[in-house]
Amino acid sequence: MKFQTHTAVLRIILFAGLAAFSAPTFAGCSRVINVPVAPTGRSVIVNGEQIDGIYPDILRSLMEKDNCKFALSAVPRARMELMFETGRADLLIPASRTPRRDELGIFVPMIYNRATLISIESNRPTITSLQDLLDKKDLKVALVRGYDYGTAYQDLIKELTKQGRLYLDVDPVSVARLLKAGISDVTIMAPSILAGAIMEDGRVQDMLDKLRFESIPELPWGDSGAYISKKSLNMEDSAALKDMLEQVAKSGVVWKSFQRYYPAHVLKEGIRPR
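The structure contained in this document is the topic of the report that follows.

Each value, and the rule that gives it
Residues numbered from 1 in each chain as written. Predicted model: local features only at pLDDT ≥ 70, side-chain atom pairs only at ≥ 80, totals over all residues. Heavy atoms only, no water. Pairing = 2+ DSSP bridges. Helix = DSSP H or I, 4+ residues; strand = E, 2+ residues; numbered from the N terminus. Contact = heavy atoms within 4.5 Å. Axes fitted to C-alpha atoms, helices over the stretch in contact; angles between N-to-C directions. Buried < 20%, exposed > 50% of the residue type's maximum accessible area, 1.4 Å probe, protein only. Parallel < 35°, antiparallel > 145°, perpendicular 65-115°, else oblique. Left-handed = near helix turned anticlockwise from the far one by under 90°. Nonpolar A, V, L, I, M, F, W, Y, C, P; charged D, E, K, R; others polar. Salt bridge = Lys/Arg side-chain N within 4 Å of Asp/Glu carboxyl O.

**Things to note about the sheet that holds strand β13 (residues 271–272)**
Two strands in a sheet stick together by hydrogen bonds in their backbones, pointing the same way (parallel) or opposite ways (antiparallel).
Thinking step 1. The strand order β5-β12-β6-β13 describes an open sheet built from four strands, whose pairing is antiparallel. The open sheet terminates on both sides in strands that have one partner only, identified here as β5 (91–96) and β13.
Thinking step 2. Of the strand pairs in this sheet, strand β6 (residues 105–113) and β13 are connected by two bridges, and their pairing is antiparallel. In the sheet register, Tyr112 faces β13, and the bridge partner there is Arg272.
Thinking step 3. In this fold helix α2 (residues 54–64) packs onto β5 and β6, with an angle of close to 140° to the strand it touches most, β5.
Thinking step 4. Packing of helix α9 (residues 235–251) onto the sheet brings it into contact with β5, β6 and β12 (222–229), and relative to β6 it is tilted by some 10°.

Right, dumping it as structure tokens:
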């Protein structure tokens, strides 16, 4: 019931905000747009066969305006990334902007975000950099397979793997369970992603008020939004999608939805409006 109530209210907020821009100015798409998605906090919520959340509902609102049709499917994050890389996914949403993804797609920014070091509250000294984390060899690190927060993050993965300190798991809830069980000490991801996953899973909900966020200089604020595939779409469809998503970004509805569904301290650490 809690899940259904949150989803219904979220849709009302989204549809009201999106109604502000003019649908007739959009061009349509020539075919159905393939959008594999993975659980991403409350940005994308997967509950069995049901897919909800901020970004899926934005795409559904665009479908209701008869512009483009989107086929959403739930997959693990690593598979979603691979599908986008190989041209089997037309959109990658949500996604942080990285040089690697810029080679594969056209980026439409919607919000500012950043990844932080996240752990359960303790008296451990503050970690001030990724090198500091690498030097603290007693700390085990859990990350979501397929996440990408830029070059420094990818280099960290390689070094932690060499040191034998890295757990790669399929989704944020799995990482949260590793933290709660004490199997892992820290993770790195956008605070809204981990907090959103925790809020939707009864096994780890008691962790929400115990999270410790530490900003890392190598993981600065950056753009988050959607990537439109350069491989799979023709120029007309690509332009139509870019126009639609840019208008969504200008409407401000994405930030309003984050404000409604996340505690203020989580947004302060990891999300800002454009």
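Text resumes after the structure shown.
**Describing the pairing of strand β11 (residues 211–214)**
The side chains of a regular strand alternate between both faces of the sheet.
Thinking step 1. Burial along β11 is two-sided: the residues Leu211 and Phe213 and Arg212 and Glu214 are all buried.
Thinking step 2. With four bridges connecting them, strand β7 (residues 116–120) and β11 associate as antiparallel partners. Following the sheet pairing, Leu117 is matched in β11 by Glu214.

**Quick word on the environment of Tyr55**
Thinking step 1. When you line up the elements, Tyr55 lands in helix α2.
Thinking step 2. A residue is classified by how much of its surface remains accessible, and Tyr55, at 2% relative accessible area, is buried.
Thinking step 3. Expressed as a C-alpha distance, the spacing of Tyr55 and Pro94, which sit 39 residues apart in the sequence, is 7.2 Å.
Thinking step 4. Excluding anything up to four places from it in sequence, Tyr55 contacts Ser43, Ile93, Pro94, Met110, Ile111, Val254 and Phe258.

**A closer look at the packing of α2 against helix α10 (residues 253–261)**
Thinking step 1. Packing of α2 against α10 leaves a shortest axis separation of 11 Å and a crossing angle of 140°. Taken as axis vectors, α2 and α10 run oblique relative to one another. As α2 packs across α10, the resulting crossing turns out to be right-handed. Taken together, the residues of α10 that come into contact with α2 (itself represented by Ile54, Tyr55 and Ile58) are Val253, Val254, Ser257 and Phe258.
Thinking step 2. When grouped by side-chain class, the residues that make up the contact of α2 with α10 number six nonpolar, one polar and no charged.

**Comments concerning the sheet that holds β7**
Thinking step 1. Read from one edge to the other, the open sheet built from five strands follows the order β9-β8-β10-β7-β11, with strand pairing classed as mixed. Unpaired on one side and paired on the other, β9 (166–169) and β11 mark the two borders of the sheet. Pairwise comparison of adjacent strand axes, ignoring direction, gives a mean angle of 30° for this sheet.
Thinking step 2. Across the sheet, helix α8 (residues 191–199) is in contact with β7, β10 (186–189) and β11; its angle to β10 comes to roughly 115°.

**What about the side chain of Ser129?**
Thinking step 1. Structurally, Ser129 is set in the loop between β7 and α5 (130–135).
Thinking step 2. Look past the residues within four positions of Ser129 in its chain and what remains in contact with it is Ile216, Pro217 and Glu218.

**Focus on the pattern of salt bridges**
Thinking step 1. Overall, the coordinates contain 18 salt bridges when judged by the stated rule.
Thinking step 2. With its nearest N and O atoms 2.9 Å apart, the salt bridge here joins Arg31 to Asp90. Taken together, the positions of Arg31 in the loop between α1 (2–18) and β1 (33–37) and Asp90 in the loop between α3 (77–85) and β5 put the pair 59 residues apart, joining distant regions of the chain.
Thinking step 3. Residue classification places Asp90 among the buried positions, given a relative accessible area of 2%.
Thinking step 4. Among the ionic pairs, Arg203 bridges to Asp201, the shortest N-O distance being 2.7 Å.
Thinking step 5. Judged by its relative accessible area of 45%, Arg203 is partly exposed.
Thinking step 6. Within this structure, Asp52, Asp57 and Arg60 form a network of salt bridges that share partners.

Function-wise, these values are silent; they only describe arrangement.
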